[in-house]
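Here are the chains, one letter per residue:
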2 protein chains.
Amino acid sequence: MSDILVKDLFSDQHYAEDQAITLHGWVKTIRSSKKIGFIELNDGSTIRNAQIVMKASDLDNYAEIAKFPISSTIAVTGKVVYTPDAKQPLEVHADAVVLEGASDSDYPLQKKAHTYEYLRTIAHLRPRTNTFYAVFRIRSLAAFATHQYLQAHGFNYLNTPIITGSDAEGAGEMFRVTTLDMNNLPHTEDGKVDNSQDFFRKETNLTVSGQLEAEAFALALRKVYTFGPTFRAENSHTARHASEFWMIEPEMAFEDLDDDIVTIEALIKAVVTYVLDNAKDELAFLNDNVDDHLIERLEKTRDEKFARLTYTEAIKELENADQDFEVPVYWGLDLEAEHERYLCEHIYNKPVFLTDYPKEIKAFYMRANDDGKTVAAVDLLVPEIGELVGGSQREERRDVLAEKIKDNHMSEEEYGWYQDLRKYGETVHSGFGIGFERLVMYVTGMKNIRDVIPYPRTPGNADF
Amino acid sequence: MSDILVKDLFSDQHYAEDQAITLHGWVKTIRSSKKIGFIELNDGSTIRNAQIVMKASDLDNYAEIAKFPISSTIAVTGKVVYTPDAKQPLEVHADAVVLEGASDSDYPLQKKAHTYEYLRTIAHLRPRTNTFYAVFRIRSLAAFATHQYLQAHGFNYLNTPIITGSDAEGAGEMFRVTTLDMNNLPHTEDGKVDNSQDFFRKETNLTVSGQLEAEAFALALRKVYTFGPTFRAENSHTARHASEFWMIEPEMAFEDLDDDIVTIEALIKAVVTYVLDNAKDELAFLNDNVDDHLIERLEKTRDEKFARLTYTEAIKELENADQDFEVPVYWGLDLEAEHERYLCEHIYNKPVFLTDYPKEIKAFYMRANDDGKTVAAVDLLVPEIGELVGGSQREERRDVLAEKIKDNHMSEEEYGWYQDLRKYGETVHSGFGIGFERLVMYVTGMKNIRDVIPYPRTPGNADF
């Protein structure tokens, strides 16, 4: 007798009809008549359940089993019976069913549909539903595919700091980190809070990006990437924004904007391909229950070359659009989701790279183009999501960067180390950032970022 | 003519003697006489440098090249000449050397030894040294090996929240996260800070562990692991403690303490094996320059079974030790590094598992043993480091857990969701936590945690 997983049952492994096996798992459903009963058993190793067949004549405790509450933990010993002509390819005929942990009968996930809103309030239990099992399994596969692709292509994983003394790119509101006693704050002579008495002897915040710190490492290890949490203290309540989310930020020395775009496309395709290959059951479930174009969209993403045009060309396309936008289109506009989605959903029907954005709407570190108006930036827009990736060639020219820092009224002192990276050998380099949760939304078909994060943090919500 | 990497030069690939190649990289050293010169070129793709040979007769700008400052960015076009009898297996004979970015001559990493303390002040440049190149390359490999092993063994990667409303296991001081204006705090009627006006409508902190949240997912996806940053706001200045560090926290349903120990040993061995196989150049450098027992210790770790004894047996060993300890030994003592290191360095000379610790010195969630005195805990102690891993079988018994929560004066409300995990089907489960930086110290031979973190955070230090 050997302990096996439900996953093993559905693998190529064949179990002989007289081989006793033991499964441990949780009761998903149970139904029984006087003589025969059925348990759908899930053991977490796969989204699929094992069908347990129980005969009253075989089991001393048959009457008791029939009353096991949903979600109880049980051990089943029995034999595998293959049923190639039935809906389920196999059953387990039970010789013994032992209760290991009885669930209370008020278990919230009885077999009925629940709203996503309700399920968010039981984030500790929702991974037990098929939908969230699929989402979080795919999230894990997408993360691993990212590591696997980048490691195989010479990138070094880098952990940039979470607590930071600087404001990175001025990219939005930050969370303050402190150990000062809020009910008894120390003050300086001029009546302000004395940050020199804080843990780090100065004001510190949660990072919004590890890019600048990653650039330093790209100029030593050639190719690096971060994959860690970032934060925005914005009072934003959309389905695409969370206060805490994970970013993937590759940086590459000796690569320009064209190289950057090649890597973005290859990485996205690698992740999509890995999920298509390794999450067939989960994607089938999500395609049936969440988004019936999911698999088609992912296969298209895998198989077709992404479109590419400049921001200026995109503005022309949008000006000629056969629909009205809430926000009118003009050259210089920071595109809204409605514009981005129009381009990739209506015009191209696939992922679209936009390049060479007006410098005014992009960050200081992006490389100035020769036209004096645009920068060597790239965004990748994808159907259903909008912006998935943002990147650029970085400004490697010491004098140009210094001027930009001055023009943006940024602290010379704070960005001194960043300018050192140009002072000690100007090097062409590029990078990009992927919002990991948006990537997970793209590969699962989920429409709300709160439903692809195990325990989401949004304004007013930090439960669990 | 094709762009290649220095790494490619040292690979199995053979370059014909008339094949022109181009390399981009940084000048590590340069020396020249009137007729011939040599550049050690590093391009970040490997710790190894390419030896560039320049003849004055071949290069128009020879006189200029000889004056390139260290760390300048250059492009070299030339041909590969194999020199199997020389110290270097090959050279590149230059046909052209182009300056792409001149370094300032005050580049701090001139060819001389620097202290680790000094290098910490230039954390943005230190990865350009051989030592830190090796450390951060190995850090990346160790992280990937962790993901690869766990994914191949059915674990799902899980991102537990960084910002938390709870104190996890009461494991030490926490950092407060807030968006309140510290110079203008809102107050409640009784004069306290009004946390209901903070971003999350309550007090929030940076996580010290994702374990409890991971347990919830293990009871759905069977095997999960976190790998993310955790925080301790402790005013600790040792070489083994940082304020921000990364933890790997696997959790497994249907596994007991013995299973836990099997997985810990297999994972550590997998990481060590991967580093031995994939970082030969880096380990050779560290073995020569940092710790001359490094490779021997790692091979032993890979090849020999770890020792295992109970805490009670370990106390006996320590009481019989042939040395005095600063902190005297008695049953019930929370072992110090000196005791841990004595066990694994002097008695066993290899990694040692200690199990079944007194309940008073371990966390509330560890499963009570039948003796009434100990819990099903395990620590892995390793030479040079001390505690590397801490784990336990978790208390799955609803009534026992409830009593522990009460005894520890913990909030019933805050831990209600955690108790739900037992209420809806008690399930045997186990898990452990690895301090990732300690693992990196172990596989690199570095002795200070500040030297294995790209930009370390310690009390008073949050630069970059």
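Residues numbered from 1 in each chain as written. Chains lettered and ligands numbered in written order. Predicted model: local features only at pLDDT ≥ 70, side-chain atom pairs only at ≥ 80, totals over all residues. Heavy atoms only, no water.

The transformation that overlays chain A on chain B combines an axial shift of 0.0 Å with a rotation of 180 degrees, and the residual RMSD is 0.0 Å. The relationship between the two copies is best expressed as a two-fold rotation axis. Residue Val177 of chain A of chain A places its C-alpha closer to the rotation axis than any other residue of that unit, at 2.4 Å. Here 100% of the contact residues of chain A are again contact residues in chain B; the copies associate through an equivalent surface. (Least-squares fit on C-alpha atoms with pLDDT ≥ 70 in both. Contact = heavy atoms within 4.5 Å.)

The next thing to look at is the domain arrangement of chain A. Residues and elements named next belong to chain A. On domain assignment, one finds that chain A holds domain 1 (2-101) and domain 2 (126-172 + 208-451). Taking only C-alpha atoms into account, the centre of domain 1 sits 45 Å from that of domain 2. The interface of domain 1 with domain 2 comprises seven residues on the first partner and seven residues on the second. At the boundary of domain 1 with domain 2, the tally comes to one salt bridge. With its nearest N and O atoms 4.0 Å apart, the salt bridge here joins Asp281 to Arg48. The tally of links from domain 1 across to domain 2 stands at four residue pairs in polar contact (both at pLDDT 80 or more). Tallied by class, residues from the side of domain 1 that touches domain 2 come to one nonpolar, four polar and two charged. (Domains from an automatic or database assignment. Salt bridge = Lys/Arg side-chain N within 4 Å of Asp/Glu carboxyl O. Polar contact = N/O pair within 3.5 Å; in protein donor to acceptor, adjacent residues only side chain to side chain. Nonpolar A, V, L, I, M, F, W, Y, C, P; charged D, E, K, R; others polar.)

Residue and element names in this part refer to chain A. As for its placement among the helices and strands, Glu215 is situated in helix α5 (residues 211-221). Side chain to side chain, Glu215 and Arg422 meet in a polar contact 3.0 Å long. Beyond its immediate stretch of four places on either side in the chain, Glu215 contacts Glu251, Arg394, Tyr418, Leu421, Arg422 and His429. (Helix = DSSP H or I, 4+ residues; strand = E, 2+ residues; numbered from the N terminus.)

Taken together, the contacts link 108 residues of chain A with 108 residues of chain B. When chain A packs against chain B, close to 8800 Å² is buried across both sides, 62% of that on carbon and sulfur atoms. Remark: the boundary between chain A and chain B carries eight salt bridges. The interface formed by chain A and chain B holds 53 residue pairs in polar contact (both at pLDDT 80 or more) in total. (Buried area = accessible area lost by both parts, 1.4 Å probe.)

Here we take up the environment of His24 of chain A. Position of His24 of chain A among the secondary structure elements: in strand β2 (residues 20-32). Those residues within four positions of His24 of chain A in sequence are excluded, and the remaining contacts are Asp3, Asp43, Ile74, Ala75 and Glu100 of chain A together with Arg222 and Phe254 of chain B. A polar atom in the side chain of His24 of chain A sits 3.2 Å from the side chain of Glu100 of chain A.

Take the sheet that holds strand β13 (residues 307-310) of chain A next. Residue and element names in this part refer to chain A. Across the sheet, which stays open at both edges, the eight strands sit in the order β7-β11-β12-β17-β16-β15-β14-β13 with mixed pairing between neighbours. Two strands lie at the open edges of the sheet, namely β7 (156-157) and β13, each paired on one side alone. The pairing of strand β16 (residues 386-393) with strand β17 (residues 429-435) spans five bridges and is antiparallel. Paired with Ser392 across the strands is Gly431, a residue of β17. Contacting β7, β11 (223-231), β12 (244-253) and β17, α5 runs over the sheet at an angle of about 30 degrees to β12. With respect to the sheet, helix α6 (residues 257-278) is in contact with β12, β13, β14 (352-358), β15 (374-382), β16 and β17, its orientation differing from that of β17 by roughly 30 degrees. (Pairing = 2+ DSSP bridges. Axes fitted to C-alpha atoms, helices over the stretch in contact; angles between N-to-C directions.)

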